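# A structural walkthrough
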Amino acid sequence: MNQHSTADEDRCASGLRELLDSCVATRESRHEDWDTLGFQAKAGDEFRRAQIRYVGSGATGDHEGDDRILPAGHFTFSNMRLPAGAVGPEHTHHDAEEVFFVLEGHLEVTVHDVEDGTRTASRTLGYRDLVRVPAGVPRSLRNTGDTDALFCVIIGAARPQLPTYPPTSAMHGVTRD
């Protein structure tokens, strides 16, 4: 009976290792994708930034063919690299909240009035600071530091809808083509 127990424990341990391996995304296996949001640079070089995907594809489009991304169950998680002086344009996620958690640099986060977008409130975040923006509230980002800002982006949906760009956004009317 002891031998049988040991064999079952080995199978169980092997299954747990496989489960854990399927749930790990290492920094070394990630890459900075400067192309997925590259269309936004049509509005100016200050909109150039990189997405580094870990869980799901965020709201940047269809990346289902990327086998490095862990499947999203209830949220997406990525890092964003925003060069010094760069801007994440005003956009709205209608279906999910979005969280920004700063790992490096300084990030000014602005929320915009839903009615007309001209009234705003801003806060500058630094190392280990976090902001949660509710669904339906337009938001924008700016790197106010002298170095790249690196921050986590968590969106509260497994497959978020593509964001919209209100008329006050530099991306309004810019297409992905």
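These lines cover the structure that appears in this document, whether it is placed above or below. Only a predicted model underlies this, so the values are computations on that prediction, with no experimental measurement involved.

Within this structure, the stated rule accounts for nine salt bridges. Across the pair Asp-66 and Arg-53 runs a salt bridge whose closest N-O atoms are separated by 3.8 Å. Taken together, the residues span a long stretch of sequence, with Asp-66 in the loop between strand S1 (50-55) and strand S2 (76-82) and Arg-53 in strand S1 at a distance of 13 residues. One exposure class covers both Asp-66 and Arg-53, and it is buried.

To continue, consider the sheet that holds strand S6 (residues 120-125). Spatial ordering of the open sheet is given by S3-S8-S5-S6, a layout of four strands whose pairing is antiparallel. Of all the strands in the sheet, the pair left with one neighbour each is strand S3 (87-91) and S6. Taking each pair of neighbouring strands and ignoring which way they run, the sheet shows an average axis angle of 15°. As paired strands, strand S5 (residues 107-112) and S6 are joined by six bridges and run antiparallel to one another. Pairing of Thr-110 across the sheet is with Ser-122, part of S6.

One broad trend across soluble globular proteins is that nonpolar side chains are buried collectively. Membership of the largest hydrophobic core comes to 23 residues, with the highest contact counts inside it found for Leu-82, Phe-100, Leu-107, Leu-141, Phe-151 and Val-153. Here this core gets four residues from one element, more than from any other, and that element is strand S9 (residues 149-155). Contact partners of Leu-82, with chain neighbours within four places excluded, come to Arg-49, Val-87, Gly-88, Leu-107, Leu-141, Arg-142, Asn-143, Asp-148, Ala-149 and Phe-151. Grouped together as the second largest cluster of nonpolar side chains are five residues, Ile-52, Tyr-54, Val-55 and Leu-70 included.

Rules used in this analysis
Residues numbered from 1 in each chain as written. Predicted model: local features only at pLDDT ≥ 70, side-chain atom pairs only at ≥ 80, totals over all residues. Heavy atoms only, no water. Salt bridge = Lys/Arg side-chain N within 4 Å of Asp/Glu carboxyl O. Helix = DSSP H or I, 4+ residues; strand = E, 2+ residues; numbered from the N terminus. Buried < 20%, exposed > 50% of the residue type's maximum accessible area, 1.4 Å probe, protein only. Pairing = 2+ DSSP bridges. Axes fitted to C-alpha atoms, helices over the stretch in contact; angles between N-to-C directions. Core = buried A, V, L, I, M, F, W, Y, C linked by side-chain atoms within 4.5 Å. Contact = heavy atoms within 4.5 Å.

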